[in-house]
Each structure stands twice: as structure tokens, then as C-alpha cells.
Amino acid sequence: MFKFTTLSFLATVCVAGMLSACGGGGGYSSPAVYTPPPPTASGNATISGTVTGFGSLIVDGKRIDNHAVAAGKEHEDGTVVAVELKLGQHVDVQHDDNLVAKQIRVISEVEGRVEKIDLVAGSLTVLGQSIFINADATLGPVTVFGGPYTKLADVKLDDVVEIHALIKTDAAGKSNMQATRIEQEEAGEAYNRVHGIISEISTTAHTFKLGALLIDYTDAKLLPAGAVLANGVEVHVSVPLGTVSTGTAIKAKFIKLS
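Residues numbered from 1 in each chain as written. Predicted model: local features only at pLDDT ≥ 70, side-chain atom pairs only at ≥ 80, totals over all residues. Heavy atoms only, no water.

Caption draft 1: Seen up close, the pairing of strand β14 (residues 175–184). Judged by how many residues are buried, β14 sits mostly within the fold: nine of ten residues are covered. Here strand β12 (residues 144–145) runs beside β14; their pairing, made up of two bridges, is parallel. Of the residues in β14, the one forming a bridge with F145 is I182. The pairing of strand β13 (residues 160–169) with β14 spans nine bridges and is antiparallel. Bridge assignment links T169 to a residue of β14, and that residue is S175. Between the antiparallel neighbours β13 and β14 lie five residues, among them G173 with a positive phi of about 85 degrees. (Buried < 20%, exposed > 50% of the residue type's maximum accessible area, 1.4 Å probe, protein only. Helix = DSSP H or I, 4+ residues; strand = E, 2+ residues; numbered from the N terminus. Pairing = 2+ DSSP bridges.)

Pasting the structure below:
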């Protein structure tokens, strides 16, 4: 899931709607023309966003030539597994100055067991994260459901799901997610994973929260080495399967700063 050395979030998508995304305001729109960020010394830049189309790869309306590379999902040990690109996925794409992709990584926001479903509110809770469905394209990418799901009502309690989403914060600073894709997680994963913004950190207890999830980082491996955790910092957290329980801190195995 993680790229420990070369991935970065240099062009994070900030949209707004029912909640304010990344502190922004106003309605959602994809730019008609993409101006790549300044290239690194190697001539590469990275874009992070939602897959919104194909015919090449389209990320938030920006067309990228991906004919020469396959998408991969990177695991905590650094191994990369080939995966299929799908609408609504969150991807990091490293590209050259001509928008030709050199590397594509698929990175979800939440992978875990469904704890709560609210069909009236159009939301579900996974790993303590409140995740909302979006059906209004003016508020961001419309939520895509993947097999066997076609709508929220198809999702059941205790299903293990993979969710791609936009991370948003409301006026009170509470973090929520607006789903861009929801599907069942494939078998064989060793970790539950969650991506979010740190709050309520305690450097004495070595805990912090992502949404309502309390995480104990005492024995976690921090990536990159020497990284400092603090409120407001965006992180990816991996915890061993079967260790999540309501009301108790879960022990993180890996924490990577975004």
C-alpha cells in the first residue's frame, strides 16, 4: 500500500461540499487544464487524486498517458502487487513533463470491517471513520460501488470493505470522508488500514485519534524514519487484522506520513 521512498502527495485534491475539504470552500470542479507541478531534479512530478475516467488515465479530469506502466498496490514490506485501475480509486501517479506516467500506485483510505450503516444519512462507519456517500457531482466525484455492491443498501454489517474517499473536515475540525469508491476487499490482506488526520495526540500515552479510532503508536514503525507525529498531520496507519476492538486503543504496526 505504501511507497516508502518515492511517493508523495504533491497535488492533493481539495474539494468542498456538505463538508469543507482540506479547509477549502465552494463547489467542486475539475480544472479543464492541468499545469504540472515543478519537476524534481529527475524530471518527475506526482499527482494524487481520484480516477474519473479512462482512454488513457484521467485523474480528476487530467489526462495522463499510462500506456507504459501498470498500476500497483504497495504493501508494508515494500512489495508491490499489480491491481486493476477502477473508477473512483485514489491514485498517486508519478509522471514526466509530458504527463506520461512512470509509476501508478492505488492507495485506499480505509480497509476494514463495516461497523455501522445509516441508510437515511447515506453513511457507514469503518475503523471508526464516518464515511458519506455522494450522489451530487457538484460536490466531488460521485461514489462508485464495485462488485458485488451497486448501492449502499447492498453493504452489510461486518463486510470487509476497501474504501477510497476524499478526507474532509467540518467547521468544528472533525474529520469525515466522502466516498469515491466502495467495494469488498480482496482476501489475503494482512492488515487493516486507515488514512486520516491526527487529532487528540498524547505524547505521554503514545496515542492519537483518526476519526473515532484510538491508535496506540508505542511500537509502530514510523515512515519516513525520524518522522514526527502531531495534531493535524496526515498519516496512513496499518494495524494487524483482528486487533480492532471498540473502546480500546489499537496498536499500530506501521505509520506513514503523507
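Caption draft 2: Local environment of the nonpolar core. L124, V126, I163, F208, V235, V237 and I255 are the most contacted members of the largest nonpolar core, which totals 35 residues. If you list the elements that add at least two residues to this core, you get β9 (110–118), β10 (123–126), β13, β14, β17 (207–210), β18 (213–216), β20 (234–240) and β22 (254–257). Per-element accounting of this core gives the leading share, four residues, to β13. In contact with V126, not counting residues within four places along its chain, are V110, G112, R113, V114, E115, I131, V161 and I163. Ranked by size, the runner-up nonpolar core spans twelve residues in total, among them I47, L85, A101 and I104. (Core = buried A, V, L, I, M, F, W, Y, C linked by side-chain atoms within 4.5 Å. Contact = heavy atoms within 4.5 Å.)

Caption draft 3: Summary view of the sheet that holds strand β2 (residues 45–54). With respect to topology, seven strands assemble into an open sheet ordered β4-β3-β2-β7-β8-β5-β6, the strand pairing being mixed. Where the open sheet ends on each side, the last strands, each with one partner, are β4 (62–64) and β6 (80–82). Taken pair by pair, the neighbouring strands of this sheet meet at an average axis angle of 45 degrees, ignoring direction. (Axes fitted to C-alpha atoms, helices over the stretch in contact; angles between N-to-C directions.)

Caption draft 4: Highlighting the pattern of salt bridges. According to the stated counting rule, one finds twelve salt bridges in the structure shown. One salt bridge in this structure joins E183 and K86, with 3.1 Å as the shortest N-O distance. In this pair, E183 sits in strand β14 while K86 sits in the loop between β6 and β7 (90–95), placing the two residues 97 residues apart along the sequence. Take E183: its relative accessible area is 7%, and that puts it in the buried class. Here the residues in one salt-bridge network are K73, E76, E111, E162, E189 and R193, joined through shared partners. (Salt bridge = Lys/Arg side-chain N within 4 Å of Asp/Glu carboxyl O.)

Caption draft 5: Representation of the pairing of β2. Counting buried positions along β2 yields eight of ten residues, so the element is predominantly enclosed. Where β2 meets β7, six bridges bridge the pair, whose relative direction is antiparallel. Residue pairing for β7: T46 is matched across the bridge by Q94. Across three bridges, β2 lies against strand β3 (residues 57–59) in antiparallel orientation. The residue bridging G53 from the neighbouring strand is I58, located in β3. Count of turn residues in the β2/β3 antiparallel hairpin: two residues, of which G55 carries a positive phi of about 90 degrees.

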